[in-house]
Each structure stands twice: as structure tokens, then as C-alpha cells.
Amino acid sequence: MSPDTPDPERPGGGPTDRQAPEAAQSAGARATDGRSPEGARAADAQPPAWPSGLPVPAGTPVTAPGADPLAGHPGVVGQLPGAAPAARRAVRRPVATVLGLAALLTALGAPLGLLWAWLAPDTPVRQTPDGAVYVTPQPEQPIAADGWFSLLALGFGVLAAVALWVLLRRRRGPAGLLAVTLGGLGAAVVAWQVGRRIGLATFQRLLDTAPPGTDFTKPADLRAGGVDWYGPLPVPHGSLLLAAFGAAVTYTLLAGWSRWPSLRPEPEPGGHWPPPTGQVGDWPPPTGQAGDWPPPGISSAPGDPPAR
């Protein structure tokens, strides 16, 4: 007689002795839970409780692939109070970094403009009944002003790219390139506007009130650069693009010469990584007795002979 065949001697053809413990265990489980098998299956289909009872390591985003225990219930994460999507945070951080760095570099254009106004020579002019004219028919001062601005803007872009590359190692990449390019462009425009206004009010006053024959100077201004307006969109051109050009080229060259694929410092393969935390035998961790590591005849102490 098979174990599953009902015993005719038992009333009602009940389960055999082999089946009785299983039936009792199932009945006990139902009594303990206080719910029917249909209720148990319905409860199992519900998403697990939050935040307790989740086997997720600390610091793991709830939306990380393969780490979200609520992956089968996409509506639960969005209903959690104060839970921002990881994708949104991942986009906001680079955007904030780019805008912040670009604003900082743009603000540095003010001292750059003061330096340009101090280095660039003023152009001598003479008042006539028809207005001010150059004292020299073809003066060299405006060319020198353009040259000084070009050198300063190009040098500013190169130094800004190097500074961002060295100081912000964890932000290297497209975000850093975009930030230094936009910052260089903004700094050039600010430097131009600040530098050309140094002494401009005095020049305008003499231009309106000086009698004919009076000699005075015109402050430095750009002739090889400026801003053209295409509707509401300003488009810089000429020397104003040199800072952004120098920054973009320098940053790209630094990225091309980097020995790390991610552009960020990475551990070097070799004996210095991972760093030792104690004696030589502490790394790698020994798998047997204390004398199993390092192997006999091999040591890295100073003065020891090389291993054979």
C-alpha cells in the first residue's frame, strides 16, 4: 500500500501516519498566522515594508539597478515622502557644478579688466571744432590695447583650465570642460566692459566741454572684438573668444594626456595598493596558520635579499 493511499481502517479515510505531521504543521502555521492560504498569497504579493526589513546596504540608492527591493513595485518609491529620484539628483549635481564654476570664473573677469586697463596705453587725441581726432594719423595704441587684451584673455583661459583640472579632480570630464569654457567666455566679456570704462567718464566730459586745440587721451577699448546681437541673443566675437578657446584647448589636452581612463586618480596596480595596514603578513589576509603568509624565503623588509 502506498503512503498516499487512504487507510480503509481509519475513519473517513484520513491521512496516514506519514502525512499527519505535515498536515499538523500546515494547520499550525495557519493558526499562527491567522490567515488562510489565499490571504497568505495576497500578503506575499504586497511590497515589503519601508524602511524596516530591507536587506540593502547603507548608502545604496533605492533606485539603483539590482539593489532596489521594491523593483517590482515602481509606485512605492515615488510615494515615499521626501524620496527624490536618483536620476534627478544625478542631473542636478553636474548642472549646479557647471553653473557655479562658470559664475566664479566670470566674476574673475573684473580684476582681469582692471589689469588690462592698467597695461593698455591710452590713445592721445586733440579736440577740434568737428570733434576729437587722433594726434597721430595711424596710432599704435589701439593695436597695443587689442594685443594686451588678447594675451591676457588667452592666458586667463589656460590658467583657469589648469586650475580646475588640478583642484577639482573629482569633477573632471565634460562638466569641467563646459564650465571652464563658459566661464572663460563670461570672464572675457566682463573684463572688456570693466576695462573700457576706466577713465571713460572723464573722456566723455572732455569731449563735450574741452575747447578746440585741447589734448587729452582716450581710454583703451577693443577694436578686434565685441558683441553682436541677433535678436535677443548676444554673440561675442573676435578677441572675446580667446579665453574660452584657450580654456577648452588646454582642458582637452590635459584630458588627452591623462593616464587614467576616467580622468580621475585611480589606484596604481602594484605593491603599493591596497596600502598595508600592518605587517607584511597582514596583506593578503592569511588563509591558514600565521606562518603560511608570506611564504618561506620571501620577505619585503629593507635589506633582505631578493626572492628566488
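Here the structure is shown first, and the text comes after it.
Model, not experiment: these values are computed from the prediction. (Residues numbered from 1 in each chain as written. Predicted model: local features only at pLDDT ≥ 70, side-chain atom pairs only at ≥ 80, totals over all residues. Heavy atoms only, no water.)

1. Focus: the overall build of the chain
When helices and strands are tallied, the chain shows nine helices and five strands. Secondary structure of the chain in N-to-C order comes out as α-α-α-α-α-β-β-α-α-α-β-β-β-α. In the chain, which comprises 308 residues, the share counted as buried stands at 23%. Pairs at least 24 apart in sequence give 64% of the contacts found in the chain among residues at least 6 apart. When the accessible area of the chain is evaluated, it comes to approximately 20,500 Å², of which 63% is carbon and sulfur surface. (Helix = DSSP H or I, 4+ residues; strand = E, 2+ residues; numbered from the N terminus. Buried < 20%, exposed > 50% of the residue type's maximum accessible area, 1.4 Å probe, protein only. Contact = heavy atoms within 4.5 Å. Areas by Shrake-Rupley, 256 points an atom, 1.4 Å probe, with all protein chains shown as cover.)

2. Considerations on the nonpolar core
One finds Trp-116, Phe-149, Trp-192, Leu-222 and Leu-240 to be the most contacted residues of the largest nonpolar core, which totals 16 residues. Sorting the residues of this core by element identifies helix 5 (109–119), helix 6 (141–167) and helix 7 (174–196) as the ones contributing at least two each. Examining the composition of this core, we find that five residues originate from one element, helix 6, more than from any other. Among all residues touching Leu-222, those that are not within four sequence positions of it are Trp-116, Asp-146, Phe-149, Trp-192, Ser-239 and Leu-240. In terms of nonpolar packing, the next biggest core, distinct from the first, is built from 12 residues, Ala-160, Leu-164, Trp-165 and Ala-247 among them. (Core = buried A, V, L, I, M, F, W, Y, C linked by side-chain atoms within 4.5 Å.)

3. Some details on the side chain of Thr-250
Within the fold, Thr-250 resides in helix 9 (residues 242–257). Overall, the relative accessible area of 15% leaves Thr-250 in the buried class.

4. A closer look at the environment of Trp-165
For Trp-165, the position within the fold is in helix 6. With relative accessibility at 9%, the residue Trp-165 sits in the buried group. Each C-alpha atom, one on Trp-165 and one on Ala-255, is 8.8 Å from the other, the two residues being 90 residues apart in sequence.

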